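Structural overview
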Amino acid sequence: MPTEPRTVPGPVDDGPALTVHGITKKYGQLTALSEVDLDIAPGEIVGLLGHNGAGKTTLMSLVAGLLRPDTGYIRVLGRDPVREPHETRRRIGLAPQELGLYQPLTVRQNLLFFAELAGLRGRAADRRIEEVAEPLGLTQLLGRRASVLSGGQQRRVHTAMALVHRPPLLLLDEPTAGVDVQTREQLLATVRTMAAEGTAICYSTHYLPEVETLDGSVAVLNGGRLVARGTLKELVRQYGDSGVELSFSGGPPDLSLPWPAVRDGRVLRVTVEQPHLAVPQVMAALGDAAGELVNLRLVQPSLDSVFLRVTGRRYDAAAEEDTT
């Protein structure tokens, strides 16, 4: 007999939807995470950033209860993923990097399977499938087998499977990797809507413009450590550098300038508050090296400059997917 799903409770005492405290995780001699603290409030979107191997996927796997931390603790709406795995997983929606669709099944059957795992039955499950399909552009695809869908369509179904039980905490690990512009816009719009409805969202991505579009807060992992945390405006104000970035066909020359300059491969970055006014002096200092100049770019305070400042490296939007 069809039954209505159990109500998933909200955060205990109106506290954070997610609390990560002092989490350390090692794989043999490799430390994937070291003493990481992170809170996410209901309705908050946190852009989780970091180079490959920074620990983003490991952190999400720990929160979802797929791994156990070596030290520290995690609470999901007051629940412990280690001691209360079933209760915790009912409160989480996880869309990992790797697609998890059952290819012989239709889109509706895939969504129904995950709805039933979360306790949804009968009309409640059907209603929720329709609700999650519409904003993700899946309504016309519900009767199609997953095996005949395009990559972008499969990615949308993959995300819908994590949303179908309306979780209070949503973990999205590279949800727009390899998708088309339309799919990216639909996914971002859905994320914003869910946050507005109170869902806490941890959003890992290699595309900094997505974090700026979502206008949430930011957490930066570097070498397994949390090195920056705050709203986008706070971090840009605290860490955002402006300057002149020069790319050369060979190694950057030594320049006599009144501003600090850093070499990174074939790139020379000059940090200065008003880069547009500094360009003539920088160009004059090049001398004969001007013939090796390939590109000159003015850098304004941004999330990209924040990331460069706190990690020492630029964020590569074309980077391979994180597996640590």
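Residues numbered from 1 in each chain as written. Predicted model: local features only at pLDDT ≥ 70, side-chain atom pairs only at ≥ 80, totals over all residues. Heavy atoms only, no water.

**Brief notes about the overall build of the protein**
Of the regular secondary structure elements, the protein holds 10 helices and 13 strands. By principal-axis analysis of the C-alpha atoms, the protein measures approximately 80 × 45 × 35 Å. Taking all 324 residues of the protein together, 49% fall into the buried category. If you take every contact in the protein between residues at least 6 apart in sequence, the share linking residues at least 24 apart comes to 70%. Side-chain charges of the protein comprise 34 positive and 38 negative groups, with the mean position of each set lying 6 Å from the other. (Helix = DSSP H or I, 4+ residues; strand = E, 2+ residues; numbered from the N terminus. Buried < 20%, exposed > 50% of the residue type's maximum accessible area, 1.4 Å probe, protein only. Contact = heavy atoms within 4.5 Å. Lys, Arg positive; Asp, Glu negative; His and termini not counted. Charge placed at Lys NZ, Arg CZ, Asp CG, Glu CD.)

**Remarks on the environment of Val46**
For Val46, the location among the structural elements is in strand β3 (residues 45–49). Placed 184 residues apart in sequence, Val46 and Gly230 show a C-alpha to C-alpha distance of 9.1 Å.

**Here's the deal with the nonpolar core**
Residues Leu111, Ile201 and Tyr203 are the most contacted members of the largest nonpolar core, which totals 34 residues. Looking at this core, the elements that each hand over two or more residues are α3 (107–117), α4 (122–133), α5 (151–163), β6 (169–173), α6 (181–196) and β7 (200–204). Among residues more than four places away in sequence, those in contact with Ile201 are Ile40, Glu44, Ile45, Val46, Leu170, Leu172, Val191, Met194 and Ala195. Within the second largest apolar cluster, 26 residues are counted, among which are Ala17, Leu18, Ala54 and Leu169. (Core = buried A, V, L, I, M, F, W, Y, C linked by side-chain atoms within 4.5 Å.)

**Some details on the pattern of salt bridges**
Counted by the stated rule, this structure contains 15 salt bridges. Two residues, Glu197 and Arg166, come together in a salt bridge whose shortest N-O distance is 3.9 Å. Taken as a pair, Glu197 in the loop between α6 and β7 and Arg166 in the loop between α5 and β6 lie far apart in primary sequence, 31 residues in all. Since its relative accessible area comes to 43%, Arg166 is described here as partly exposed. (Salt bridge = Lys/Arg side-chain N within 4 Å of Asp/Glu carboxyl O.)

All quantities given are derived from atomic positions and should not be read as evidence of function.
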